[in-house]
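Coordinates in review
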Amino acid sequence: MTVTLMWEARAAEGRGEELLRWARAQELRPRPPRRETFRAPGDRVLVLTWWDAPYEAELPELPEPEAGLVSRAVHRWRFEAVGGEGPDTD
């Protein structure tokens, strides 16, 4: 089974690039098979990690950044793959 962890934070005013650098510098042990980092308007940073593990597995997650770096608490969600969608997938 593949589990995807999502971590999303909004930077404090004017600190978007700093939050992005901070998120990219965070090491996860063990390392996930796949990890992608995104940014969006409003100084938001999103990190997705994919794991070959059961949904309930204990997996490493990015921590909360220091309080002054973000404008609100980090959001975290866990997802499990349910198969493709569309005419060519099952």
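Residues numbered from 1 in each chain as written. Predicted model: local features only at pLDDT ≥ 70, side-chain atom pairs only at ≥ 80, totals over all residues. Heavy atoms only, no water.

1. Here we look at the packing of aromatic side chains
Here a ring pair, both rings aromatic, is described through the centre-centre distance and the interplanar angle of the planes. Let me state the cut-off plainly: Pairing of aromatic rings covers Phe, Tyr and Trp, the last through its six-membered ring, and needs centres within 6.5 Å; plane angles under 30 degrees mean stacked, over 60 mean edge-to-face, and all others mean tilted. In this analysis the charged atom, NZ for Lys or CZ for Arg, is taken to sit over a ring once it is within 6 Å of the ring centre and within 35 degrees of the ring normal.
Taken as a whole, this structure holds 1 aromatic pair when the rule is applied. In this structure, Arg34 packs its charged tip against the face of Trp50, placed 3.8 Å from the ring centre.

2. Here we look at helix H1 (residues 16-25)
We apply this condition: Accessibility here uses a 1.4 Å probe with only protein chains present; expressed as a share of the type maximum, an area under 20% marks a residue as buried, one over 50% as exposed, and anything in between as partly exposed. Put simply, DSSP H or I for four residues or longer makes a helix, DSSP E for two residues or longer makes a strand, and each gets a number counted from the N terminus. As used here, the arc is the angular range of directions from the helix axis to the C-beta atoms.
Within H1, the full set of buried residues consists of Gly16, Leu19, Leu20 and Ala23. End-on, the buried residues of H1 take up no more than an arc of 100 degrees, which puts them together on one face. Facing away from the buried side of H1 by over 90 degrees, the exposed positions are Arg21 and Ala25.

3. What about the pattern of salt bridges?
When their charged atoms lie close together, side chains carrying opposite charge are able to pair. Quick reminder of the rule: The term salt bridge refers to a side-chain nitrogen of Lys or Arg lying within 4 Å of a carboxyl oxygen of Asp or Glu.
Tallied over the full model, the rule gives 10 salt bridges. Between Arg34 and Glu36 there is a salt bridge; the shortest N-O distance is 2.5 Å. The class for Arg34 is partly exposed, based on a relative accessible area of 42%. Among the ionic pairs, Arg78 bridges to Glu61, the shortest N-O distance being 4.0 Å. With Arg78 in strand S4 (residues 75-80) and Glu61 in the loop between strand S3 (44-52) and S4, this residue pair connects regions lying 17 residues apart in the sequence. Several salt bridges share partner residues, and in doing so they unite Glu61, Glu64, Arg76 and Arg78 into one network.

4. Remarks on the nonpolar core
The following threshold applies: Throughout, nonpolar core names a set of buried Ala, Val, Leu, Ile, Met, Phe, Trp, Tyr and Cys residues whose side chains join them through atoms within 4.5 Å. Should any heavy atoms of two residues lie within 4.5 Å, those residues are considered in contact.
Formed by 19 residues in total, the largest nonpolar core has its most connected members in Trp7, Leu19, Val45 and Leu59. It is strand S1 (residues 2-10) that provides the largest number of residues to this core, a total of 4 residues. When neighbours within four sequence positions are excluded, Trp7 is seen to be in contact with Leu19, Trp22, Ala23, Val45, Leu46, Val47, Leu62, Pro63, Pro65, Val74, His75 and Arg76.

Any link to function would need more than the numbers given here.
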